[in-house]
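Below are the chains, spelled out letter by letter.
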Amino acid sequence: MDYSNTQTICPFCGCGCAFNLEVVDGEIVGVLPANDHPVGRGSLCIKGWNAHSFVQHEDRLKTPLIREDGDLREASWEEALELVADKLGSIKSEHGPDAIGVLASAKCTNEENYLLQKFARAVIGTNNVDHCARL
Amino acid sequence: MIQEIRDLVSKKLKKLDGVVALRKTDQGTAPTLFQEGDDVSQLVLEPRYPVAKTVSKLQKRFKDAKFGVVARGCDTRALVEMVKRHQIDPDRLYIVGMACSEEQAETCYCAEPAPDLDPWPEADLVGDPVPGAPPNPMVAEYENLSREERWDFWNQQFTKCIKCYGCRDICPVCFCDACSLEDPLWVEPGLLVPDFPMYHLIKAMHMTTRCVACRQCETACPAGIPLTVLYDLIRKDVGNLIGYIPGADADSGPPLSLTLADAPIDSELAK
């Protein structure tokens, strides 16, 4: 029977409002604004009020999925990564690195986004990298 | 006062499943459920949060538990309205009533800065109640406006709205799962600025006989819209027309759930 609020910074835009994640027995059940935080000062936008909803969403993937004959089926990480590396490699050699784009996400950590842009620029060799918050 | 509250909470934790109160850590301050053995020195009294929402959430989740809550006047008023609407079980709740200071009352223009503990089977008051603060001067200014000026006033204020739903999400007496503000029939989805006056008047209408003047909505509004001016005036009208003050009397049923025969409108004032 645990209820607590953990303060965190909103993952979405660059404003940096803080809010509290309401957690009951390990399950995120809602958001309360951080009333003493200097950025938001107790206010949030609609994304902040609903930022908790994706974290434990039932639609989140639990295993890699591979599309075969139009349908998605479960796969292991090894199989999925090999397929991706194979396909990206062949697209790059056939059409050039700029045929590939990488889309980062506000739902990723800063570190993951850093890796994504490093992957796009240093591994693929393209500048085609963008982020949902820029849209 | 704070030490008195901490001591009282410590004592009551031996018998209760938990007490909802504000906890301060180096991460910030927010409501938490203190349980026996927790560090009560982390219990603080500010900044304000609508703890009635937390209590309701926890009571519904843990249907046999008995909790306590550290509550201000606005919190107990909200709790009373929720009891009337079957969102709170008063027999499973112990109240640590906290009287606000004069300064706190003035910040909220609060008419009742101490909890009324009469409706509660188990409650204790900490602190000395102070008299109510003077009302928001904006309300009096507004009442001097003509009808056209009033329309312009709200039209202008509501163009600032970013439709964050914060006023609804923070409101301690808002609890519906299916909210009419999210129904495309009434409020056009994806439209910014939200269609004036639909969103705001629907919300104001739902605040009728429900708003306990806690002012959390105005605090949560990122656009600084003076929502409480509208809701204060509605409270005034409801008080004058049918003599109902939300949060005041635990026995009177919510008038919008009664028939007109039970809650007659004073026909002179209604003209």
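Preceding this section is the structure that the text describes.
Everything quoted here is computed from the prediction, not taken from an experiment. (Residues numbered from 1 in each chain as written. Chains lettered and ligands numbered in written order. Predicted model: local features only at pLDDT ≥ 70, side-chain atom pairs only at ≥ 80, totals over all residues. Heavy atoms only, no water.)

Structural notes on the overall build of chain A
Quick note on the threshold: Helix and strand assignments follow DSSP, with helices taken as H or I runs no shorter than four residues and strands as E runs no shorter than two, numbered in order from the N terminus. With C-alpha atoms as the basis for the radius of gyration, the globule rule is written as 2.2 Å multiplied by the number of residues raised to the power 0.38. Exposure categories follow from relative accessible area, calculated using a 1.4 Å probe and restricted to protein chains: below 20% of the type maximum is buried, above 50% is exposed, and the middle band is partly exposed.
In terms of regular secondary structure, chain A is built from three helices and seven strands. Taking 2.2 N^0.38 as the reference for a compact globule, 135 residues should give roughly 14 Å; the C-alpha atoms of chain A span a radius of gyration of 19 Å, well beyond that estimate. Principal axes of the C-alpha set define a box for chain A whose edges measure 55 × 30 × 20 Å. Residue burial in chain A is summarised as follows: out of 135 residues, 33% are buried.

Details of the interface of chain A and chain B
For the record, the criterion: Contacts: residue pairs with any heavy atoms within 4.5 Å of one another. Buried area adds together the accessible area that both of two parts lose upon being put together, with accessible area traced by a 1.4 Å probe. Think of a salt bridge as a Lys or Arg side-chain nitrogen and an Asp or Glu carboxyl oxygen that are within 4 Å of each other.
In this assembly, 25 residues from chain A lie in contact with 31 residues from chain B. Of the roughly 2,200 Å² buried at the junction of chain A and chain B (both faces included), carbon and sulfur atoms supply 56%. If you sort the residues of chain A by the area they bury against chain B, Met1(A), Tyr3(A) and Trp49(A) come out on top, with a joint share of 32%. Inspection of the region where chain A meets chain B yields two salt bridges. The partner of Lys57(B) in a salt bridge is Glu22(A), with the nearest N and O atoms 2.6 Å apart.

Brief notes about the side chain of Asn35(A)
Threshold: Polar contact is defined as a pair of N or O atoms within 3.5 Å, subject to the rule that within protein one atom must be able to donate a hydrogen and the other to accept it, and that residues adjacent in sequence are counted only when both atoms are side-chain atoms.
Within the secondary structure layout, Asn35(A) lies in the loop between β3 (27-33) and α1 (46-49). Here the side chain of Asn35(A) touches Arg48(B) through a polar contact of 2.6 Å, landing on its backbone oxygen. Apart from the residues lying within four places of it in its own chain, the contact partners of Asn35(A) are Arg41(A), Gly42(A), Pro47(B), Arg48(B) and Tyr49(B).

Regarding the nonpolar core
All names here are of chain B. For clarity, the threshold we go by: The set of buried Ala, Val, Leu, Ile, Met, Phe, Trp, Tyr and Cys residues whose side-chain atoms join them within 4.5 Å is what this entry labels a nonpolar core.
Grouped together as the largest cluster of nonpolar side chains are 75 residues, with contacts concentrated most on Leu58, Val69, Leu79, Leu93, Ile95, Leu227 and Tyr231. If one sorts the elements of this core by residue count, helix α10 (residues 227-242) sits on top with seven residues. With 17 residues, the next largest nonpolar core counts Val19, Leu43, Met98 and Val126 among its residues.

Thoughts on the layout of surface pockets
Put simply, the test is: Whether a set of points on the 1 Å grid over the protein atoms alone is a cavity depends on a 1.4 Å probe fitting there but being unable to get out, while an open set qualifies as a pocket with protein on both sides within 12 Å along at least five of seven lines; lining residues are those with an atom within 4 Å of a point. Grid points are joined across faces, edges and corners, and a volume is the space filled by probe spheres set on the points. In this classification, Asp, Glu, Lys and Arg are treated as charged, Ala, Val, Leu, Ile, Met, Phe, Trp, Tyr, Cys and Pro as nonpolar, and every other residue, Gly included, as polar.
Reported here for the largest pocket is a volume of approximately 900 Å³. Contributing to the lining of the largest pocket are 33 residues, with Lys53(B), Asp169(B), Cys174(B), Phe175(B) and Cys176(B) lying nearest its centre. For the lining of the largest pocket, the secondary structure elements donating two or more residues are β3 and α1 of chain A together with α2 (51-61), α7 (166-170) and α8 (198-207) of chain B. Here the lining of the largest pocket gets five residues from one element, more than from any other, and that element is α2(B). In the lining of the largest pocket, the residues fall into 16 nonpolar, seven polar and 10 charged. Around the second largest pocket, the lining is made up of 18 residues, and of these Tyr142(B), Arg150(B), Leu230(B), Leu233(B) and Asp237(B) lie nearest the centre. Going through the elements one at a time, α5 (137-143), α6 (147-158), α8 and α10 of chain B are the ones with two or more residues in the lining of the second largest pocket.

With respect to the sheet that holds strand β1 (residues 3-9) of chain A
Residue and element names in this part refer to chain A. Applicable threshold: A pair of strands is treated as paired once DSSP finds two or more bridges between them. Angles shown run from 0 to 180 degrees and are taken between the N-to-C directions of axes, each axis being a line fitted to C-alpha atoms and, for helices, limited to the stretch in contact.
Here we have three strands laid out as an open sheet, ordered β1-β2-β3, and antiparallel in their pairing. Sheet topology places β1 and β3 at the edges, where each strand pairs with a single neighbour. The sheet shows a mean angle of 30° between the axes of neighbouring strands, taken without regard to direction. Sheet analysis places strand β2 (residues 18-24) next to β3, joined by six bridges and oriented antiparallel. The partner of Leu21 across the bridge, within β3, is Val31.

A short note on the packing of aromatic side chains
We apply this condition: Centre distance within 6.5 Å is the pairing criterion for rings of Phe, Tyr and Trp, where only the six-membered ring of Trp is used; planes under 30 degrees apart are then read as stacked, over 60 as edge-to-face, and the remainder as tilted. Think of it as a cone above the ring: NZ of Lys or CZ of Arg counts as a charge over the ring if it is within 6 Å of the ring centre and within 35 degrees of the ring normal.
Tallied over the full model, the rule gives nine aromatic pairs over all chains. Where Tyr142(B) meets Trp154(B), the ring centres are 5.7 Å apart and the plane angle is 55°; that geometry is what we call tilted. Highlighted residues: Tyr142(B) in helix α5 and Trp154(B) in helix α6, separated in sequence by 12 residues. Relative accessible area serves as the criterion here: at 8%, Tyr142(B) is assigned to the buried category. Given a relative accessible area of 6%, Trp154(B) falls into the buried group. Ring geometry for Phe153(B) versus Trp154(B): centroids 4.8 Å apart, planes at 85°, classification edge-to-face. Positioned above the aromatic ring of Phe12(A) is the side chain of Lys47(A), whose terminal nitrogen or guanidinium carbon lies 4.4 Å from the ring centre. Its end group placed over the ring of Phe54(A), Lys107(A) keeps NZ or CZ at 5.4 Å from the ring centre.

What to know about the pattern of salt bridges
Scanning the entire structure with this criterion turns up 12 salt bridges over all chains. Where Arg85(B) meets Glu81(B), a salt bridge forms, and the shortest distance between an N and an O atom there is 2.7 Å. Each of the two residues, Arg85(B) as well as Glu81(B), counts as buried. One salt bridge in this structure joins Glu218(B) and Arg215(B), with 3.1 Å as the shortest N-O distance. Judged by relative accessible area, Glu218(B) falls into the partly exposed class, the value being 22%. One continuous salt-bridge network, built from bridges that share partners, spans Glu68(A), Arg73(A) and Glu79(A).

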